[in-house]
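The chain contents come next:
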Amino acid sequence: MELKCLPYPFTVCKLKSEDDIISGKEFYFVGKTDEEISLVCKTDDVPSETTEREDGWRGFSIVGTLDFSLIGILAKISSLLAENKIGIFAVSTYNTDYIFVKEENFIRALSALESGGYNVVHSAE
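Residues numbered from 1 in each chain as written. Predicted model: local features only at pLDDT ≥ 70, side-chain atom pairs only at ≥ 80, totals over all residues. Heavy atoms only, no water.

## Brief notes about the packing of aromatic side chains
Thought 1: In total, this model carries six aromatic pairs according to the counting rule given.
Thought 2: Look at F10 and F100: their rings are 4.9 Å apart centre to centre, the planes differ by 70 degrees, and that puts the pair in the edge-to-face class. Of this pair, F10 sits in strand β2 (residues 10-15) while F100 sits in strand β7 (residues 97-102); the two residues are 90 residues apart in sequence, bridging distant segments of the chain.
Thought 3: Chaining the aromatic ring pairs together yields one cluster made of Y8, F10, F27, Y98 and F100.
Thought 4: For the cation-ring pair, K42 lies above Y8, with the distance from its terminal atom to the ring centre recorded as 4.4 Å. (Phe/Tyr/Trp six-rings, centres within 6.5 Å; stacked < 30°, edge-to-face > 60°. Helix = DSSP H or I, 4+ residues; strand = E, 2+ residues; numbered from the N terminus. Lys NZ or Arg CZ within 6 Å of the ring centre and 35° of its normal.)

## Description of the side chain of T96
Thought 1: The topology assignment puts T96 in the loop between β6 (89-92) and β7.
Thought 2: At 2.7 Å, the side chain of T96 and the backbone oxygen of I62 are in polar contact. (Polar contact = N/O pair within 3.5 Å; in protein donor to acceptor, adjacent residues only side chain to side chain.)

## Quick word on the environment of K32
Thought 1: As for its position among the elements, K32 is in strand β3 (residues 28-32).
Thought 2: For K32, a relative accessible area of 53% corresponds to the exposed category.
Thought 3: When the C-alpha positions of K32 and L15 are compared, they lie 9.7 Å apart, and in sequence the two are 17 residues distant.
Thought 4: When near neighbours in sequence (up to four residues on either side) are disregarded, K32 contacts E18 and I37.
Thought 5: Looking at K32, its side chain comes within polar contact range of the side chain of E18, at 2.9 Å. (Buried < 20%, exposed > 50% of the residue type's maximum accessible area, 1.4 Å probe, protein only. Contact = heavy atoms within 4.5 Å.)

As structure tokens, this is what we get:
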């Protein structure tokens with residue numbers, strides 16, 4: 001399975017309102033529940049109005065479109081990283097999964113994934 005490194009730093013934050021989302025950016029993911037509005041975006045694109053934020057995330061995605069019948073893909077990646085004491089923040093979209101790790105663990109995460117049989121593609125910004 002192939003993974004693609006995302007070439008920029010990310011932030012995970014909470015917003016007061018959907019109006020605070022700056023649409024039209026290259027990458028952002030919004031999750032809204034009855035308790036919160038969460039946003040994952042490039043650090044350079046964080047809205048000024050956040051209630052909480054955590055910077056210093058790096059990410060990679062699973063290359064290609066994943067069929068809903070596939071089982072255990074994210075579980076295998078997260079288990080492999082957990083064995084190496086690397087925590088994750090995962091986002092799933094209709095097409096694929098995105099895995100984020102803290103910047104200080106990024107190189108170790110990529111090494112663990114490559115050792116686990118994943119092909120890691122580094123993209124340029």
